[in-house]
Amino acid sequence: MTKFFTLNTGAAIPWLGFGTGSALYGKDAANLVRLAIDNNITHLDGAQVYNNEDSLGAGIKAAGKPRSDLFVTTKLGKLAPGETVKESLKASLNKLGLGYVDLFLIHDPSPATKEGKLSQLWEGMEEVHREGLAKAIGVSNFKVEDLKVILESGKIVPAVNQIELHPYVWKAAEPIVKLAQEHGIVIESYSGQTPVARVQGGPLDEVLAQIRERLEKTRGKAVTTGQVLSKWLLQKDIVVVTTTSKVERMKEFLDTETVPDLTPEETQAIDEGGAKLHKRVYMHHVFGE
Ligand SMILES: NC(=O)c1ccc[n+]([C@@H]2O[C@H](COP(=O)([O-])OP(=O)(O)OC[C@H]3O[C@@H](n4cnc5c(N)ncnc54)[C@H](OP(=O)(O)O)[C@@H]3O)[C@@H](O)[C@H]2O)c1
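Residues numbered from 1 in each chain as written. Predicted model: local features only at pLDDT ≥ 70, side-chain atom pairs only at ≥ 80, totals over all residues. Heavy atoms only, no water.

Caption draft 1: Expanded view of the UniProt feature "binding site: substrate" (unreviewed entry) in the chain. Here, UniProt's "binding site: substrate" (unreviewed entry) annotation points to His 107. Along the chain, the position of His 107 falls in the loop between strand 6 (103–106) and helix 4 (110–114). Residue His 107 is classed as buried on the basis of its relative accessible area, which comes to 10%. His 107 has contacts with Ala 47, Val 49, Tyr 50, Lys 75, Leu 76, Ser 140, Asn 141 and Met 283, leaving out every residue within four places of it along the chain. (UniProt positions renumbered as here; feature names shortened; annotations may be inferred. Helix = DSSP H or I, 4+ residues; strand = E, 2+ residues; numbered from the N terminus. Buried < 20%, exposed > 50% of the residue type's maximum accessible area, 1.4 Å probe, protein only. Contact = heavy atoms within 4.5 Å.)

Take a look at the structure:
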């Protein structure tokens, strides 16, 4: 992988992450993680609630790459009564077989927000960062109000906010992206392939088909609609977290790096076409539904 973004810690994060949730939720991810790393996808995205951190660790071990070549994320689930963030992360590190993660995210603000304890939870995140157990800390599924709580009360600005992001939620997500980017918080997208993988016959189908065709002619080599969607995210400075069960698709994702840029008019056509349909897959609260 040649394209990276820079986190507010100064660390480089590869633009493409391989996820072990969604299709791999609760499943053994070891083989696909190893294949992803073997194919040069070095950014891995896990979470405690996926209930497969041990297999993510096994895949990392099987690939045999130096730790410093990998970027590993996991996410904090709901804390057990009396459990600290540090204890929870240490349990994850144990399952992953790692001494640290590159990025540790609060998976969902809702449980802490309901108890009025979001600021307190972030203090726990800051502690694991200070102690070097998480090289960077961030959040996921945070809407504008949630980000403001952390920005106002925290000592450390989150490095990342990972949210569902594709053209069919763009209109609702734009204020979150704007606030985050104003504060140097990198946005990571998940479910970015929704317009091709989950919505058929949507208002974007024709727009994406025309852009795909134009890009294919421009570079003289096949371009897929999925790559158009990843380019749309990349050109908004957004990290792409996806997953696949197929080596061919891993190669296709990586090949996105060499797809020519969308024009400003093409980007605008996708923004406008996406705004005609709101289709969310996960976490209804993020977009105020
Ligand atoms: N923070 C959170 O709350 C949260 C929530 C959801 C997900 N995530 C993270 O994001 C990762 C990716 O999420 P996602 O799966 O929703 O991402 P996605 O990129 O939208 O979808 C990837 C899935 O779409 C399929 N796909 C890709 N291109 C396709 C095409 N052209 N036609 C049909 N199917 C296609 C892939 O299946 P194939 O096997 O056929 O390639 C794969 O299962 C997760 O694994 C997880 O790590 C985080």
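Caption draft 2: Highlighting helix 2 (residues 53–63). Listed as buried for helix 2 are Glu 53, Ser 55, Leu 56, Gly 57, Gly 59, Ile 60 and Ala 63. Tucked into the core, helix 2 has its buried residues touching helix 1 (30–38), strand 4 (43–45), strand 5 (71–76) and helix 3 (85–96). Of the residues flanking the end of helix 2, it is Gly 64, one or two places downstream, whose phi is positive at about 70 degrees.

Caption draft 3: Structural context of the site of the ligand. Taken together, 29 residues surround the ligand, and among them Asp 45, Thr 242, Thr 244, Ser 245 and Lys 246 come closest. Separating a nitrogen atom of the ligand from a side-chain N or O atom of Gln 162 is a distance of 2.8 Å. Here Thr 242 contributes a side-chain N or O atom positioned 2.6 Å from an oxygen atom of the ligand. Of all the secondary structure elements, the ones that give two or more residues to the shell around the ligand are helix 8 (194–197) and strand 10 (239–242). Among the elements that make up the shell around the ligand, the one with the highest residue count is helix 8 (three residues). Each residue belonging to the shell around the ligand can be placed in one class, and the counts come to eight nonpolar, 16 polar and five charged. (Near = heavy atom within 4 Å. Polar contact = N/O pair within 3.5 Å; in protein donor to acceptor, adjacent residues only side chain to side chain. Nonpolar A, V, L, I, M, F, W, Y, C, P; charged D, E, K, R; others polar.)

Caption draft 4: How the structure looks around the UniProt feature "domain: NADP-dependent oxidoreductase" (unreviewed entry) in the chain. UniProt annotation of "domain: NADP-dependent oxidoreductase" (unreviewed entry) refers to residues 26–272 when read in the numbering used here. Summarising residues 26–272: 49% helix, 13% strand, and an end-to-end C-alpha distance of 36 Å.

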